[in-house]
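Commentary on secondary and tertiary structure
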Amino acid sequence: MLELKKVSRLFGGLQALHQVDMRVPEGRIVGLIGPNGAGKTTLINNISGLDHPTSGTIHFEGREIHNLPPHRITGLGIARTYQNIRLFGEMTVLENLLISQHGRGRATVFDSLVFTPRFRAEERRLKNVALQLLERFQLGGMAHLLAGNLPYGDQRRLEMARALATGPKLLLLDEPTAGMNPIETEQLGQQILRLRDEQLTVLVIEHDMSLIHQVCDEIYVLNFGQIIAHGAPDVIKHNPQVIEAYLGQEEDTELESERERS
Amino acid sequence: MNITQQIVNAIWLGGVYSLFALGYALVFSVLGVLNLAHSAVFMWGAFIGLVAVTQLNVSVWAAIPLAMVVSGVISIVLDVLAFAPLRRRNAPRISQLISSIGAAILLVNIAQLIFGTQPQRFPLGSIPSDPLEGLPIRITPIQIIILLVAITLMAVLQYLVVRTRAGQAMRAVAFNQRVASLLGINSGNVFRMTFFLAGALAGAAGVLFGLAYNTITPFMGDSVALKGLTVIVLGGLGNIQGAVVGGFVVAALEVFSIAAGGSNYREAFVFTLLFLILLFRPQGLVGQAAETRA
Amino acid sequence: MDLLRSIGITEIVFQLMLVNAILGLSIYLTLYTGMFSLANAGFMAIGAYVGVVLTQNYDLPLWAALIGGMIAAGIVAVPIGLPVLRLRDIYLAIATIGFGEVVRILILNFDTLASSISGESVQLTRGALGITGIPKITETWQLLLFLVVTVYILVRLHRSRFGRAMAAIRQDEQAAATMGINVVYIKNTVFIFSAILAASAGVLKAHLTRTISPGDYGFDQVVNILAFAVLGGTSTWLGPIVGGFVLTALPEILREFKQYRGIVNGVILLVVIVYLPGGLVNINGWKRLWRRIRGQPSVIERIQQNTRSG
Ligand SMILES: Nc1ncnc2c1ncn2[C@@H]1O[C@H](COP(=O)(O)OP(=O)(O)O)[C@@H](O)[C@H]1O
Ligand SMILES: [Mg+2]
């Protein structure tokens, strides 16, 4: 479904991605792990069109996407979440979910001006989708709260609900459980598994190995911008190169999230 | 009009523009904000120089440093009123731009109230104005003085920023305020010092500009304000050496477009250049692509 | 009415209040979408000059001039917006200031330029003195109608897909893009509509004040327009209208203090941006200010203090 061939990304002199080859088959949940600064977020940015590879190609359902702008890629059916939550904080939870259905609507400003039947039907439909997603992610009573005022765990789930509202075939999750407690993490794992039952394909970046084992069919390991291993979770766990990459890894999430914001 | 003459004109005008733009660039590089009240401080500098010469009967030589000190203080007050409160709140840079516009309006109107709107002049003979003799081109002593003062001040600033501890602190804050405060640098002091220096440079530029054109009004900052923007954009926003280069480029552009018969459009040339630079080289003429502080 | 007149709000002042409300809304559109564009005075000038030439040299009625001015500004906005809107905050502000100045200077020199190109004597914009003797044909009801229609469109816009996308772009452009929003399209469209609205105000105002000159559309004018939006606030469409009303009416009400007018404007702008960042029409801002006056830090400020000391 998604295929990366020799994708490289240079930032000045820094090789953030180097000749990455990767396949995400339809209907599977693929994990992407690697130490901080390995290039995982950069990879997701390149797939979602926020950033473009210096060289290499990315195909989605046989179509070349690495030069497309982000909204086109979303339109083709790729949605993403952000590692450092990026909700529309000044808007309500419901509005967040309406916005992310932008590409699924057809009504124009003119439709809104004169209240055409198309406009009313569409608004009802978008709202229904939103409300269903809220139920599903246990955000039921919060539709009219400001997204920026939600507790952290709820914001994380809203991120995922918002990505789903775009109507994707492939979902890219960038550390969806960062900052969650083990119980919340376990529940989120259940949500991810449910996505697969609904024929969604998922690429998930994760630090939490228990979640990886809970949901992933296969795993890629990225280190210094290069794929150093690929295989089933059990196999990867015992790969000496992977163990080495993870040793001596420093956690500095504060600096990392600051850098990503700038 | 011979070409040497044009070059001479471009050089002294460039000196004034550079001096003015240096303060703009300094504030942008340290605080990341655009201080649109800088031109109002420039205007105040000219008036203070004028008042010093006409009311206090001091010479122009004493009037320049006096105007610099007072302008520096005005500039600090500006920081306290218009920038510091927003900084404390972590307000967006755009808010600071707007508050600097408010401060500019305030400063210009106060000047209007005190000095009136009629153009005022330095008394005849405050500075020798007859062209130097025996040269193939027309140079007045004031032009030479302007250039010398401008170059001296630029050199002093360069020394301050590069060689002194205070300058190191400024550069540290400009690079990363949080890291600087971890190093024990009091960023509040650095900001005040930056505003003082910027104001002093604007004040000096104001007096020199006033001497050169010898019409001083509360609105004399307006044309320089927008031209100064072009200068610092050309140099790369916040790039101090770039501002100097930019000042001479803009002056040259103006002088030569007048000489080419386009005096009415000379500002159109300047602003078109501004526009094009932003679109095609937002890092400025001399900057490197990666180093944008956007 | 008599009451209003007694405090200085004559009919012409009221008309100017309406015009300035429209101008405030024109910059509100772009600010609401997160674009700090200061091109509005330039587009206002284009509207004013095209409109006046249409009524004066071609004897067209006001409504035709209005449409003409709006179309002209809309057309100019396309090639300007496409490259310029790639720039952000301060860079966008500077570039659009540059645009405004180029427009002003071109209008200033239009006649000499056109004369030298065509070889005949052209007298259209009449240089620095501008065009005088324009008939005063804009009427209060027309302004009111125009403003009401504009507000209705804005209200419906905010309830549409397009309007939600505008707000999303303001808050996080990249996130908006990955939610399927065509950021470039929305930004450019909003920019064009902002230009059209500024141009309409230009046409209407020119036929109120009866004279126009390039100096009316310089940097000072953009600052005024910006002040309407900042004073009123840009969280709702009501803000710029209130801002336009207050800043137009206040100097008339305080006309005994005429010489302090500019000072008052400067102070208002400073005080609002420092103490009431959401503008006059923003309940949360007032609440925050009230808490500060009473000396209680708000929740957010308490958190900030804790994290700073901790
Ligand atoms: N926009 C950027 N400009 C320069 N360097 C970047 C940029 N984005 C990421 N990097 C660098 O690329 C490397 C990979 O970063 P990232 O993809 O965020 O890692 P991960 O998500 O695996 O922690 C890091 O060294 C980071 O500093
Ligand atoms: Mg990451």
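Residues numbered from 1 in each chain as written. Chains lettered and ligands numbered in written order. Predicted model: local features only at pLDDT ≥ 70, side-chain atom pairs only at ≥ 80, totals over all residues. Heavy atoms only, no water.

Most of helix α8 (residues 161-171) of chain C is tucked away: ten of the eleven residues are buried. Three or more residues of α8 of chain C are buried, namely R161, F162, G163, R164, A165, M166, A167, A168, I169 and Q171 of chain C. (Buried < 20%, exposed > 50% of the residue type's maximum accessible area, 1.4 Å probe, protein only. Helix = DSSP H or I, 4+ residues; strand = E, 2+ residues; numbered from the N terminus.)

Going through the model one piece at a time under the given rule, you end up with 14 aromatic pairs over all chains. Ring geometry for F20 of chain B against Y24 of chain B: centres 5.5 Å apart, planes inclined by 80°, an arrangement best described as edge-to-face. Taken as a pair, F20 of chain B and Y24 of chain B lie in helix α1 (residues 3-31) at a separation of four residues, close to a single helical turn. Residue F20 of chain B is classed as buried on the basis of its relative accessible area of 1%. Ring centres 6.3 Å apart and planes at 65° place the aromatic pair Y49 of chain C and Y217 of chain C in the edge-to-face group. Here Y49 of chain C, found in helix α3 (residues 40-57), pairs with Y217 of chain C, found in the loop between α10 (183-209) and α11 (219-232); they are 168 residues apart in sequence, far enough to count as distant. (Phe/Tyr/Trp six-rings, centres within 6.5 Å; stacked < 30°, edge-to-face > 60°.)

A few words now on the coordination of the magnesium ion (ligand 2). Residue and element names in this part refer to chain A. T41 (OG1) and Q83 (OE1) make up the full set of protein donors to the magnesium ion (ligand 2), lying at 2.0 to 2.2 Å. Remark: Q83 occurs in the loop between β6 (78-80) and α3 (93-99) and T41 occurs in helix α1 (residues 40-48); sequence separation between them is 42 residues. Taking the relative accessible area as the measure of exposure, T41 reaches 16% and is therefore buried. (Donors = N, O, S within 2.8 Å, 3.2 Å for Na, K, Ca; no water.)

Residues and elements named next belong to chain B. The end-to-end C-alpha distance of helix α4 (residues 93-115) is 33 Å, a good match for the 33 Å that 23 residues give at a rise of 1.5 Å each. For α4, a buried count of 17 out of 23 residues is recorded, marking the element as mostly surrounded by other parts of the structure. Count one or two residues on from α4 and you reach G116, which has phi positive near 75°. (Expected span 1.5 Å × (residues − 1).)

Contacts between the two partners involve 41 residues from chain B, matched on the other side by 38 residues from chain C. Taken together, the two surfaces of chain B and chain C that pack against each other cover about 3600 Å², and 80% of this comes from carbon and sulfur. There are one salt bridge connecting chain B and chain C. With a closest N to O distance of 3.3 Å, R93 of chain B and D89 of chain C form a salt bridge. At the boundary of chain B with chain C, the tally comes to three residue pairs in polar contact (both at pLDDT 80 or more). Broken down by secondary-structure element, the contributors of at least two residues to the side of chain B that touches chain C are α3 (60-88), α4, α9 (220-235) and α11 (266-280) of chain B. Per-element tally for the side of chain B that touches chain C: the top contributor is α4 of chain B, with 14 residues. For the side of chain B that touches chain C, a count of residues per class yields 29 nonpolar, seven polar and five charged. (Contact = heavy atoms within 4.5 Å. Buried area = accessible area lost by both parts, 1.4 Å probe. Salt bridge = Lys/Arg side-chain N within 4 Å of Asp/Glu carboxyl O. Polar contact = N/O pair within 3.5 Å; in protein donor to acceptor, adjacent residues only side chain to side chain. Nonpolar A, V, L, I, M, F, W, Y, C, P; charged D, E, K, R; others polar.)

Residues and elements named next belong to chain A. With five of five residues buried, strand β7 (residues 170-174) lies mostly within the body of the structure. Side chains L170, L172 and D174 of β7 all project onto a buried face; the interleaved residues L171 and L173 project onto the opposite face, where all are buried too. Relative to β7, β6 is paired through three bridges, and the arrangement is parallel. Bridged to R80 within β7 is L172. As judged from the five bridges shared by β7 and strand β8 (residues 201-205), these two strands associate in the parallel manner. (Pairing = 2+ DSSP bridges.)

Counting residues at the interface gives 30 residues for chain A, matched by 25 residues for chain C. Taken together, both faces of the contact between chain A and chain C bury some 2500 Å²; the carbon and sulfur share is 59%. Where chain A packs against chain C, one counts four salt bridges. A salt bridge links R161 of chain C to E122 of chain A; the shortest N-O distance between them is 4.0 Å. Where chain A packs against chain C, one counts 15 residue pairs in polar contact (both at pLDDT 80 or more). Sort the elements by how many residues they give to the side of chain A that touches chain C and helix α5 (residues 117-136) of chain A lands first, with four residues.

With that settled, the discussion passes to the packing of α1 of chain B against helix α6 (residues 165-175) of chain B. Residue and element names in this part refer to chain B. Remark: α1 packs on α6, axes separated minimally by 6 Å, with the N-to-C direction vectors making an angle of 60°. Taken together, the axes of α1 and α6 lie oblique to each other. The segment α1 lies against α6, with L26, S29 and V30 engaging M170, V173 and A174. Of the residues belonging to the contact of α1 with α6, the class tally is five nonpolar, one polar and no charged. (Axes fitted to C-alpha atoms, helices over the stretch in contact; angles between N-to-C directions. Parallel < 35°, antiparallel > 145°, perpendicular 65-115°, else oblique.)

What follows is about the sheet that holds strand β5 (residues 63-64) of chain A. Residue and element names in this part refer to chain A. Taking strand neighbours across the sheet as the criterion, the four strands line up as β2-β1-β4-β5 in an open arrangement whose pairing is antiparallel. Edge strands, defined here as strands with exactly one partner in the open sheet, are β2 (14-24) and β5. The pairing of strand β1 (residues 2-11) with strand β4 (residues 55-60) spans five bridges and is antiparallel. Across the sheet, the residue bridging to S8 is S55, located in β4.

All right, on to the packing of helix α6 (residues 152-165) of chain A against helix α7 (residues 182-197) of chain A then. Residue and element names in this part refer to chain A. Following both chains from N to C, one finds α6 and α7 inclined at 10°, their axes separated by 12 Å at the closest point. On the basis of their axis angle, the class for α6 and α7 is roughly parallel. Counted together, G153, R157, M160 and L164 of α6 and E184, L188, Q191, I192 and L195 of α7 form the full contact between these two elements. Looking at the contact of α6 with α7, its residues break down into five nonpolar, two polar and two charged.

Here we take up the pairing of β2 of chain A. Residues and elements named next belong to chain A. Alignment of β1 against β2, held across seven bridges, turns out to be antiparallel. Bridge pairing in β2 links L4 to M22. Where β1 folds back onto β2 in an antiparallel hairpin, the turn is made up of two residues, including G12, whose phi is positive at roughly 60°.

We now examine unusual backbone geometry. With a phi angle near 45°, E175 of chain A is a residue other than glycine that sits in the positive phi range. Checked against the element boundaries, E175 of chain A lands in the loop between β7 and α7. In this structure, N57 of chain B takes a positive phi of about 55° despite not being glycine. Within the secondary structure, N57 of chain B sits in the loop between α2 (38-54) and α3.

All names here are of chain A. Strand order in the open sheet formed by six strands is β6-β7-β8-β3-β9-β10, with mixed pairing between adjacent strands. Edge positions in the sheet fall to β6 and β10 (226-231), since each has one partner strand and no second. Going across the sheet, the axis of each strand differs from the next one's by a mean of 20°, ignoring polarity. Against the sheet, α7 engages β3 (29-33), β7 and β8, with an angle of about 135° to β3.

Turning our attention to the confidence of the model for chain C. Fine structural detail should not be taken from predicted coordinates in areas where pLDDT scores are low. Residue and element names in this part refer to chain C. Taken over all residues, the pLDDT of chain C has a mean of 89, while the share at 70 or more is 95%. Mean pLDDT in chain C bottoms out at helix α15 (residues 299-309), which sits at 49, and peaks at α10, which reaches 97. When the criterion is pLDDT under 50, residues 305-310 qualifies, and its contacts beyond four places in sequence or with other chains add up to two contacts. Interface confidence for the predicted complex, expressed as ipTM, amounts to 0.88; the pTM equals 0.90. (pLDDT = per-residue confidence, 0-100.)

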